[in-house]
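Each chain, written out:
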Amino acid sequence: FLLSSPHGSGALFDQNGVSLGYRAGSTTPTTLTYNVGRFGERYLLSWAHVASFQTSPRGSVSLEADDTDLAVDDGQGLKQRLERAAFAYQFGPEASLAVGVGWVHYFGAEKGT
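Residues numbered from 1 in each chain as written. Predicted model: local features only at pLDDT ≥ 70, side-chain atom pairs only at ≥ 80, totals over all residues. Heavy atoms only, no water.

**Regarding the packing of aromatic side chains**
A ring pair, where both rings are aromatic, is described by two values, the distance of the centres and the angle of the planes.
Now for step 1: Applying the stated criterion to the full structure yields two aromatic pairs.
Now for step 2: Ring plane angle 50° and centroid distance 4.7 Å describe the contact between Tyr34 and Trp47, whose orientation is recorded as tilted. Here the residue Tyr34 occupies a position in strand S3 (residues 30-39), and Trp47 occupies one in strand S4 (residues 42-54), the gap between them amounting to 13 residues.
Now for step 3: You can call Trp47 partly exposed: its relative accessible area is 34%.
Now for step 4: On the numbers, 5.0 Å between centres and 70° between planes, the contact of Tyr89 with Phe91 is edge-to-face.
Now for step 5: Judged by relative accessible area, Phe91 falls into the partly exposed class, the value being 47%. (Phe/Tyr/Trp six-rings, centres within 6.5 Å; stacked < 30°, edge-to-face > 60°. Helix = DSSP H or I, 4+ residues; strand = E, 2+ residues; numbered from the N terminus. Buried < 20%, exposed > 50% of the residue type's maximum accessible area, 1.4 Å probe, protein only.)

Now the structure itself:
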């Protein structure tokens, strides 16, 4: 695959992964996903964890944590973690409300930035 760049040049990327899921096609999926491979001039490893469950006949909660580790060949890199929590409630066939919060944690930094 070719990753486009705003500078007019592109870079190749190739990610391979595996995903395990329970109720994956439902409104309350639980999944664990792992991907790894080249991402342009770098190497990307990522994990995604999602857990969802019913709290009532019309309500559900979803919790998510995504981790990425982006490294160049000389060992420099950047790690980040996204965490998210959400609550959804279905009032009827045409009305629902969803409220969520999320935050991102950054670990490490590349040289020269």
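Let us keep going from here.
**Let's talk about the pairing of S3**
Now for step 1: Across nine bridges, the pairing between S3 and S4 is antiparallel. Looking across to S4, one finds that Thr31 is bridged to Val50.
Now for step 2: The antiparallel pairing of S3 with S4 creates a hairpin that spans two residues between the two strands, and Gly40 there sits at a positive phi of about 65°. (Pairing = 2+ DSSP bridges.)

**Examining the pairing of strand S5 (residues 59-72)**
Two faces, one strand: in a regular strand the side chains alternate between the faces of the sheet.
Now for step 1: Judged from the 13 bridges that link them, S4 and S5 form a sheet pairing that is antiparallel. By the bridge assignment, Leu45 is partnered in S5 with Asp69.
Now for step 2: Adjacent in sequence and paired antiparallel, S4 and S5 are bridged by four residues.
Now for step 3: Pairing of S5 with strand S6 (residues 77-92), which is carried by 13 bridges, proceeds in the antiparallel orientation. Along S6, the bridge assignment pairs Glu64 with Arg84.

**A closer look at the pattern of salt bridges**
Opposite charge on two side chains lets them pair, provided their charged atoms get close.
Now for step 1: All told, the structure shown has four salt bridges when counted by the stated rule.
Now for step 2: A salt bridge links Asp69 to Lys79; the nearest nitrogen and oxygen atoms lie 3.9 Å apart. Here the residue Asp69 occupies a position in strand S5, and Lys79 occupies one in strand S6, the gap between them amounting to ten residues.
Now for step 3: Residue class for Asp69 comes out partly exposed when judged on its relative accessible area of 27%.
Now for step 4: For Lys79, a relative accessible area of 43% translates into the label partly exposed.
Now for step 5: In the salt-bridge network here, residues are joined through shared partners; they are Asp67, Arg81 and Glu83. (Salt bridge = Lys/Arg side-chain N within 4 Å of Asp/Glu carboxyl O.)

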